[in-house]
Structures are given as structure tokens and as C-alpha cells.
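So you can see what is in the structure, the chains are spelled out below.
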Amino acid sequence: MNCPNDPFDARHPNRRQAIRLLAGGIAALAASACTPATIILKSYPEQYGRGTAATRRTLHAFTATVIPGLTPDEILAVDALEDPFYPTAKYCAFLASDLDRRAGRRHDRLFFELDLPKRTAIITKALDEGDATTRKLYTGAVFLTQAAVYGGIHDDSAGCRLTGFPGGNHLADPALVSYPDTSRFAARALSRDGNPA
Amino acid sequence: MKLRQTDVLVIGSGFGAAAPALRLAEAGLKVTVLEKGPNVGPGLYRQTQDPKYLMKYLKGLGSDHLDLVYAEAVGGGSGFYEMVSLRAPRVAFAQRDGNGSPLWPDGVTREALDPYYDRAEAMLRVEQIRAEDVPRSGQVFALMMARLGYSCDRARYAVRNCLGSGFCVTGCIYGAKQSLHVNYLPQAAAAGARITPDAEALSVRALPASATRSVRRGDPRAPRYAVRCRIGGEGGALVEYHAGIVVLGGGTVGSARLLLASRPGLRHLSDQVGQHIAFNGSVKAAGILPDDLPDGDMYSGRSHPGMISYEFLESHGITISAAKPLPVPMIATARLRLPDVPAATGWWGADNVALMEQLRHRVIVLFTMGLTPPVGSLTLDSMGAPQLAVTSLPALSRYERGTEAILRSILTRNGCRPLAVDAVDRTGAPQPGTAFSTTHQTGSCRMSDSPGTGVVDPHGEVHGHPGLFVSDGAAIPSSLAVNTSLTILANAERIADGILARYGLSGATNVVPGRTAVRATIP
């Protein structure tokens, strides 16, 4: 379905204005799960408010799917998706509800109850086949999750265990910064002092 | 609106602004420096990947094919750059436009800048890195070049007693980086300059001659310009400064934006404002190292890996380095992907984790800076917001493909397994086609011999507007193929000397290097 209203770009009308603006047609859009209409009307179950247990549980499963191999504690530390600093916070409730809706439709289960291949397939399908806003939302959520985990953004010193990123405020052993046998790595130099001619 | 008087108003506090601020203050003029961004410096930096911190100081301007990143903070980009301080090669000054006309004005050459490079290098304590300090990723890169018979040089940096913590680009918490906070800016303040952060210049207008105390051309204190500013950030107080000399040092984006917004008050302003933005055509390639090459290390040692190759400078107009991006800048720039996994899914999930687990030690990232033509432009939309555009896309695409082929050849002939590097936009979505991102933008108010081809004259003075200068990267007319900071600073020193000569002032022109590293304890 083509959904021209992009809530990332448009000013957000409040609920009453949205209903007035979109009148009867919006109901049909929402019923068919067009992402912008669903977000504007908040036409997803109440348990998916920001910070609710249902939302958090689903978003944690999303994080575990985007970056398999994280420990439960590492997943808990990732709260970027709900952080109001980032644009995804406004849409994380929809994201959680949409993940569960897709999981229910395909597997009659909640998203967090599925195994990794099934969760991966659901996100892949949303990225591949969703409307433009859905793709943008899922892409942004994956992107932010990766930045949050690989960058360890929740804690300056945390780093990322999976990649070996040490985080800030650690000094490497100087002996490990450079190889000592420097002549092995010497290349012919074109300059006298490092400056190009 | 409050009215304030100053002899010299300097807009910005980065490489292009700091030298005029210091030299004109040393000459006894009352200098006011307005910095749009917040205060920052040693003691306020963090070693972090937290976007809330990074976005406080680093700003971006994007388009479909070009992304510019720049700093808005006291000290400008000097707080956040990789400290690489290289003179621009002669071939950069010899570039010509499509009509065969030189990009650089008559007399502004490497030889003309060399004395100012000398001064800038002394102030920043620039030195070539010692072989034993080259980080492992740089050593591996040099070895790869050597195996192919190519040259590779140790680069030069503005740093003292580097501890190699790897967070140069978020600010050096140890004070080892010789940013402008430890040399030009404190010396300017000591000479009487007043530096005000969170102060945005909104517009400049020429004062009518009758409104000035003196219309004598040679009096630097005679107020010629009114600069409307907002002090204190959003919702702050409006202040109008009257100044005899105004120096724009807000960078390629900031200076063009201000001049474009000032067109009603600057009748003789060239129609070239915002045009001819160069961006050092950066192309990236990455690969997994073969077993016969030792580990690199993406996160140990200074942010720039120490080595740069000039092998292809004369032949292809490019320099090649390795890169050690921190995680967030890397993810924000490109998706790395194993080449045999689908583009749609290979950038996340298990395949991506498998790659990311190798990133620190077994992935080498190569990137180029090149003499790409100045084909970017900046305009203001109806709301006054800057809009960026690029022309000559076919030529840029050819450059990108040709350069990428060189990088991939270096990787494959060394036995590396090349990775797909898919550029992304600010939302993380793929950016198909030719796309450049850079922190090395120049131009937008370029130096020229006439107002028909540029905005300022070879001395940095705006054509038709005596006393109004552009001294930053905006005045630099071309790509340089190396990091731009030292050239911007050297040219700003040259422009400052020109201002002193223009008004018959004699500055002390002290060359006092910054303090040596403060070996702070880890907080």
C-alpha cells in the first residue's frame, strides 16, 4: 500500500486533528495496517505504550535479533530505542506492536516467543516488504540498535564485548599499540618529513 | 537590541578564526570572538560514543550525494580532528577548472604559504610520527603498500606525548592534542581578545559612511559593519556589534550561510557565495586481512593510523591512508558487509555480527582523499536553512569507481577478502549511487582575482567590501588531497598578516607553541 504521509517528515497532528484531517478514509488505512495511519491514530493495543512491559519485552527481542549473541544483561543495557533523544522513541510503541502483530499473523505467537530464525525472518520481511514508512522505521531502529550496542553508548567505559571495542577511559598497554619490529613494516617514503611535495 | 562596539569582530573560533583573533589582538586592537557553539576543551571532553555528546558539538549538512560534517564549538574542529597536519601538495595549487582557469588566485601557492605553514606548525607543535609510535593498523597498511612496491610515509601530527587512547575524535582528555585551546585561543585571550561561546552571528550589513566615526579607509577602528548576533543560544539576547574589521571564520558552511543571509546589507557581494565547495573526494574500501598479514587494531593508538601514501598523488590526484573509525562514526557512514551475503540482510543479524567480531583486528579500512573538483554548492531555502547540492555527478562517479578500483586492487593483491561498503544516509538507509562524506570541505567563499569567479580577493577581503574578510576553509578554492586544517590555519595566518599590513599595524606575531601534554588521570 502506498502511504504518502510520512510521520518522520510531516508535522504531527494531534489525535483530534488527525481524525478531522483524514476523516473516514483513515479508518480503512488503519485497518489495513498502513504505518502512518496506525501511528497517528495510535491504533495499536494499549499495552504497547512507551516503557510498558510488553513494549520492552518485544524491543529486547528485537535487539537480540539484530545483534545475536548478546547476553541478557547486555540487552537490558540497550535502551536507545526508547530514549526520547532519538526519533525512534516516538515510534517504539508502534514498532513493538507491529513486531507482535507480524509474529501473531505468521506464527500465532508473540515476537519474543519465537526463535532467532523466525524473528529474523519477520524483521527481514518488514524491511523488504513494508510500506515506505515501515521500512524507514525498521531501518532506523536497526541502525540505532547497532550504534548503541557496538558503540556502547549507554556507558562511556562499557565498550562492546562482541567486537572488542574497549570503550572510553581505558589505556592500552603501549607495547600492544605498535609492533616493536618497526623495520618489518617500513615502506619506501616519498617525502623528507612526511609532507607531500 | 543592545549595541556593542569592537575594533575587530571574529566570527568562529576554529582554525580559520583563531589566527586573525590572535594576531589582531597582539597588534593592540580590541578583538571580540563570537563562537556559535558551546564551550568545550580539555576538561570537558569525554571518551565516548554517546551521540548526545557528539551531536552537541558536531553538526552535519547532507544531500543525496554529499554529507559535510563540521564542528560548532569553541576551538572549532581542532578539538575533534585526528591531529593530522600536512601541507597541501603543489599539485593541489596547480588545479584548474573546466575552462582551464586556475582554481587558486595568482600568487597564492605552496611556496607563498610555506612561511605560514612554518608558523602554524610551530604553534601546533607539529611533528612527524616516530616509527615506533605508528599504530598497528598503520603498520599493516604500510606493509601492504611495501609488498606491492608502493611508498608510504609517516604522517605529521599536532600532538605532544600522545598516550594512544584512540579517542582523538571525541576530544583529547589528556591535553596531548595541540588543539587551539592550548595555543591560539588562550594567547588571544591573554592579548585581550574576548571569546564568547553560544553566540551566533545572524547577519552582517555595511554601515553607511555617515554612521561611522571615521570614513578613513586606513583606520581599522572606524566602524564599517554592523553584525547582528544572538548571544546565549536559542532564545538568547539579540546584540548588534559595530566593528571596523569583521573576519568570518565559521567554516565552509557557516561563513557562506552568514554571507547569504547578509546579502541585503552587503550590496557588492559576489553571486559566487555558496558556490565551488570542494570536498576532498573520500572513497573507502575495506577487506579482511589474509592469514599472512598480522593483526591490525582498530581501537588502540591515535585515531589516525600514522601512515599516508602519496604513491598515487601525481598520477591520480589521491592520497591513501588506512582508517580506524570508532564504532558510531563507522556505522553512521557505511554498512560493512561480507560480499557473499545479500545486501538487504547482510548488514545486520548473525552475518553482521560475524563480521563485526573480526573488525578490531582482522579488518583493514582504506580511504582516499582526492583532488575532486569544487562542484558543491550551498543555498538558503525560504526559511533560511542551508541546502547542499552537487553537480558533475558523472565525473564524480567515474572518479569514485576508479579510486575504489585502486583500493580494491591494493586489498586483493595483498590477499585480503574485500568487503562491501554501502554508504548510508542519516537515517541509516542505504544511499545508492555516488555519495561522499567528509569533514574536509573547503570553498563556498573562495579566493579569486575577480568577483566574477569568487567571493574574496587573494588577501581574504570580500570583493567590494573593505574590512570584511573570510579567513577560513570557505576561502580555500580547491580540494587538497590531504587533511585541510593546516592549510586553513596557514592561510588564516597569511590573511592576518595581510590585514596588519593593510592597516599599517605591527603585530608582535609571537610564535609560542602550546603547553605540553597534561598527563591527566583517567576520570
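First, a word on scope: everything that follows refers to the structure included in this document. (Residues numbered from 1 in each chain as written. Chains lettered and ligands numbered in written order. Predicted model: local features only at pLDDT ≥ 70, side-chain atom pairs only at ≥ 80, totals over all residues.)

Digging into the overall build of chain B
Rules: Here a strand is any run of E in DSSP of at least two residues, a helix any run of H or I of at least four, and the numbering for each starts at the N terminus. Radius of gyration here is computed from C-alpha atoms only, and the compact-globule reference equals 2.2 Å multiplied by the residue count raised to the power 0.38. Residue burial is a threshold on neighbouring C-beta atoms within 10 Å of the residue's own C-beta, all placed from the backbone, with 20 or more meaning buried, 12 or fewer meaning exposed, and counts in between meaning partly exposed. Contact criterion: two residues are in contact if their C-beta atoms, reconstructed from the backbone, are within 7 Å.
Across its full length, chain B carries twelve helices and 23 strands. At 23 Å, chain B has a C-alpha radius of gyration in line with the 24 Å of a compact globule built from 523 residues. In terms of its C-alpha atoms, chain B occupies a principal-axis envelope of roughly 75 × 50 × 45 Å. Each of the 523 residues in chain B was classed as buried or not, and the buried ones make up 61%. Taking the intrachain contacts of chain B between residues at least 6 apart in sequence as the baseline, contacts between residues at least 24 apart amount to 77%.

Observations concerning the interface of chain A and chain B
How big an interface is tends to be stated in terms of the accessible area lost upon association of its parts. What counts, and what does not: Under this grouping Gly is polar, as are all residues other than the nonpolar Ala, Val, Leu, Ile, Met, Phe, Trp, Tyr, Cys and Pro and the charged Asp, Glu, Lys and Arg.
The interface of chain A with chain B comprises 50 residues on the first partner and 60 residues on the second. Among the elements that make up the side of chain A that touches chain B, the one with the highest residue count is helix α8 (residues 132–151) of chain A (nine residues). Counted by class, the side of chain A that touches chain B contains 27 nonpolar, 18 polar and five charged residues.

Notes on the sheet that holds strand β16 (residues 334–337) of chain B
Residue and element names in this part refer to chain B. Using the following cut-off: When DSSP locates at least two bridges between a pair of strands, those strands are taken to pair. Angles here are taken between N-to-C directions and fall from 0 to 180 degrees, while the axes themselves are lines fitted to C-alpha atoms, restricted in helices to the stretch in contact.
Taken together, the seven strands give an open sheet; going across it, the order is β6-β14-β15-β17-β13-β20-β16, and neighbouring strands pair in antiparallel fashion. Every interior strand has two partners, whereas the edge strands, β6 (153–154) and β16, have only one. Examined bridge by bridge, strand β13 (residues 283–288) and strand β20 (residues 417–423) share three bridges and lie antiparallel to one another. Bridging across to β20, Ile288 finds its partner in Arg417. Of the strands in this sheet, β14 (307–309), β15 (318–323) and β17 (363–370) touch helix α5 (residues 136–147), which is tilted by about 30 degrees from β14.

Here we look at helix α4 (residues 110–124) of chain B
Residue and element names in this part refer to chain B. Our working definition: Note that the bend at a residue is defined as the angle between axes fitted to the seven residues ending at it and the seven residues starting at it.
Remark: the principal bend of α4, roughly 30 degrees, maps to Tyr116. Within the sequence span of α4, burial applies to Arg110, Leu113, Tyr116, Tyr117, Ala120, Glu121, Met123 and Leu124. Structurally, α4 contributes buried residues whose contacts are with α3 (90–93), β5 (126–128), β7 (156–158), α6 (184–190) and α12 (485–502). Looking one or two places after α4, you find Arg125, whose phi comes out positive at around 55 degrees.

Function-wise, these values are silent; they only describe arrangement.
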